[in-house]
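# Observations on chain architecture
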Amino acid sequence: MNGKLRITVLPAVLALLLLPLAGMASADGPAVKLSKSQAGTGGSITVSGSGWRSHALLMVLVCGQSTPSRGVIGGTNSCANADGRAVTTDAKGRFSKKLPVAEPPVPCPCVVHVATVEGAKAQADAVFQVAGHAVEPLPAEPSGGRLSVLTDTRLDGSSGLLTWFGAPPSRTLVFTVGNAGTTAIKNPVFQLGTSHGVFAPQWEDQQWRGTIAPGKKAQLRLPVELTAGAHGDYTVSLKYDGKVLAEQTWGVGRPWGVTLFWLLVCLVVPAAVFRAGMAVVDRVRPRRAGGLRHRGLRLPELALRMPKFSTRAEEAPASTSTLPWFTPDSDPGTAGRLSAPHDDSPTSPTTPTRKGPP
């Protein structure tokens with residue numbers, strides 16, 4: 001009897017012990033709480049949250065046509081973006097922010113939408129009523145085909161030489177989708193958005209040619225291209241029927257060829273301008289006397305101006321005189337007279353005259 005009682009009580013005790021753990025597990029993940037569930041335009045509420053990534057940048061918005069189960073229909077176009085607030089979580093993933101109440105551009109039901117701006121995507125919604133704002137039923141969910149992404153997305157392709165010089169980077173987004181609806185989907189039109197940093201994605205329509213039958217899947221390849229000279233961390237988002245299906249990060253390298261080109265321009269152009277200027281100065285500069293230019297002498301003119309060189313024997317001919325009273329400076333040489341110097345003037349007392357005595 002005691003054994004049966006123990007067996008019966010044991011499961012109940014285990015259930016009581018696991019109940020708090022189950023409550024904790026369900027509480028894991030991003031959560032949002034509001035100080036008021038209803039407020040009018042011009043007022044404010046306090047939005048607090050927990051379970052977020054530590055030191056994450058979040059955007060807090062009041063959005064219309066939204067419920068926590070269906071999310072924000074129409075994306076941020078259904079939100080009062082001008083009155084949104086940004087907040088950063090603490091080390092434990094918690095935050096608290098005062099949010100002004102503003103009417104969204106679409107009717108309620110409304111929510112306070114909190115989503116991450118950078119890094120891994122996470123979001124959470126809390127029901128909120130804007131007093132005095134119109135309320136309309138949500139659009140009916142499509143009963144036909146419904147696509148869902150079955151595999152992780154990836155970007156195929158690589159950058160070439162032209163991309164290194166600033167050409168637009170391009171890749172191919174590859175993913176597999178399945179049709180979870182009851183009717184076939186023919187030629188679905190997707191929206192691809194690329195965002196850089198905290199900026200909103202720029203969406204572009206991409207149509208896939210083909211038919212996806214109910215319960216079937218298909219691999220899709222959609223081209224993605226950025227603007228010329230783009231570099232840094234980008235996020236590629238895939239949207240279908242107003243709902244974001246997947247996001248893929250893309251790190252784009254810097255086009256160093258453009259930097260190299262401008263460095264060469266800064267070096268080559270000044271050098272070319274300097275050489276052209278020197279050529280102009282050389283042509284307009286006046287000639288020197290004798291028709292010589294500043295930049296050098298011509299060989300014929302240089303030969304005329306150079307002195308003639310000769311041997312030492314030609315410069316100073318050897319003296320052949322051996323008379324003792326001749327000095328080297330007054331030696332007449334071979335062409336002079338060989339007799340002793342004498343005075344040929346008529347008044348010299350030693351000079352004989354032809355006339356006889358008087």
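Description of the structure in this document. Here the structure is a predicted model, which means the values were calculated and not measured.

So, how was this worked out
Residues numbered from 1 in each chain as written. Predicted model: local features only at pLDDT ≥ 70, side-chain atom pairs only at ≥ 80, totals over all residues. Heavy atoms only, no water. Disulfide = S-S within 2.5 Å. Helix = DSSP H or I, 4+ residues; strand = E, 2+ residues; numbered from the N terminus. Pairing = 2+ DSSP bridges. Axes fitted to C-alpha atoms, helices over the stretch in contact; angles between N-to-C directions. Core = buried A, V, L, I, M, F, W, Y, C linked by side-chain atoms within 4.5 Å. Buried < 20%, exposed > 50% of the residue type's maximum accessible area, 1.4 Å probe, protein only. Salt bridge = Lys/Arg side-chain N within 4 Å of Asp/Glu carboxyl O. Contact = heavy atoms within 4.5 Å.

## A few points about the state of the cysteines
In protein chemistry, a disulfide is the covalent bond that joins the sulfur atoms of two cysteines. Taken as a whole, this structure holds 2 disulfides when the rule is applied. Two residues share a disulfide in this structure: Cys 63 and Cys 79, whose sulfurs sit 1.9 Å from each other. Disulfide Cys 63 to Cys 79: torsion about the S-S bond roughly 95°, handedness right-handed. In this pair, Cys 63 is assigned in strand 4 (residues 57-63) and Cys 79 in the loop between strand 6 (71-72) and strand 7 (85-88), connecting sequence segments 16 residues apart. Paired by a disulfide, Cys 108 and Cys 110 hold their sulfur atoms 1.8 Å apart.

## A closer look at the sheet that holds strand 15 (residues 189-196)
Taken in spatial order, the 4 strands line up as 16-15-19-20 in an open sheet, and their pairing is antiparallel. Across the chains shown, the open sheet's two edge strands, defined by having one partner strand only, are strand 16 (202-207) and strand 20 (243-252). Here the strands of the sheet are splayed against their neighbours by 25° on average, with no regard to which way each runs. In the sheet, strand 15 pairs with strand 16 via 6 bridges, with the strands oriented antiparallel.

## Description of the nonpolar core
Among the nonpolar cores identified, the biggest contains 22 residues, and Leu 173, Phe 190 and Trp 250 are the most heavily contacted of them. Going through the elements one at a time, strand 13 (170-179), strand 15, strand 18 (217-225), strand 19 (232-240) and strand 20 are the ones with two or more residues in this core. Residues Val 32, Leu 99, Phe 128 and Val 130 belong to the second largest nonpolar core, which totals 21 residues.

## Some thoughts on the sheet that holds strand 8 (residues 95-100)
The antiparallel open sheet is built from 3 strands, whose spatial order is 1-3-8. Here the strands that pair on one side only, and so sit at the sheet edges, are strand 1 (31-34) and strand 8. Strand-to-strand twist across the sheet, computed as the mean angle between neighbouring axes with direction ignored, equals 25°. Where strand 3 (residues 44-50) lies against strand 8, 6 bridges are found, and the strand directions are antiparallel.

## Topic: the pattern of salt bridges
Tallying each qualifying case throughout the model produces 3 salt bridges. Residue Asp 90 is joined to Arg 94 by a salt bridge in which the shortest nitrogen-to-oxygen separation is 3.9 Å. Given a relative accessible area of 31%, Asp 90 falls into the partly exposed group. For the salt bridge of Asp 156 with Arg 221, the shortest nitrogen-to-oxygen distance reads 3.7 Å. Highlighted residues: Asp 156 in strand 12 (residues 154-156) and Arg 221 in strand 18, separated in sequence by 65 residues. For Asp 156, a relative accessible area of 23% corresponds to the partly exposed category. Connected through salt bridges with shared partners, the residues Arg 154, Asp 156 and Arg 221 form a single ionic network.

## Points about the environment of Val 198
For Val 198, the location among the structural elements is in the loop between strand 15 and strand 16. For the pair Val 198 and Val 117, spaced 81 residues apart in the sequence, the C-alpha separation amounts to 6.2 Å. Excluding residues that lie within four positions of it along the chain, Val 198 makes contacts with Leu 57, Val 117 and Glu 118.

## Section: unusual backbone geometry
Of note, the bond from Cys 108 into Pro 109 is cis; its omega dihedral lies within 30 degrees of zero at 20°. Positive phi outside glycine occurs at His 55, with the angle close to 55°. With respect to the element layout, His 55 can be found in the loop between strand 3 and strand 4. The class for His 55 is exposed, based on a relative accessible area of 59%. The phi torsion at Asn 187 lies on the positive side, around 50°, for a residue other than glycine. Within the secondary structure, Asn 187 sits in the loop between strand 14 (185-186) and strand 15. Asn 187 gets classed as partly exposed once you look at its relative accessible area, which sits at 23%.

## Digging into the environment of Gly 251
Mapped onto the secondary structure, Gly 251 falls in strand 20. Judged by relative accessible area, which is 58%, Gly 251 ranks as exposed. Between the C-alpha atoms of Gly 251 and His 231, which are 20 residues apart in sequence, the distance is 7.6 Å. Once residues within four sequence positions are removed from consideration, Gly 251 is found in contact with Gly 232 and Asp 233.

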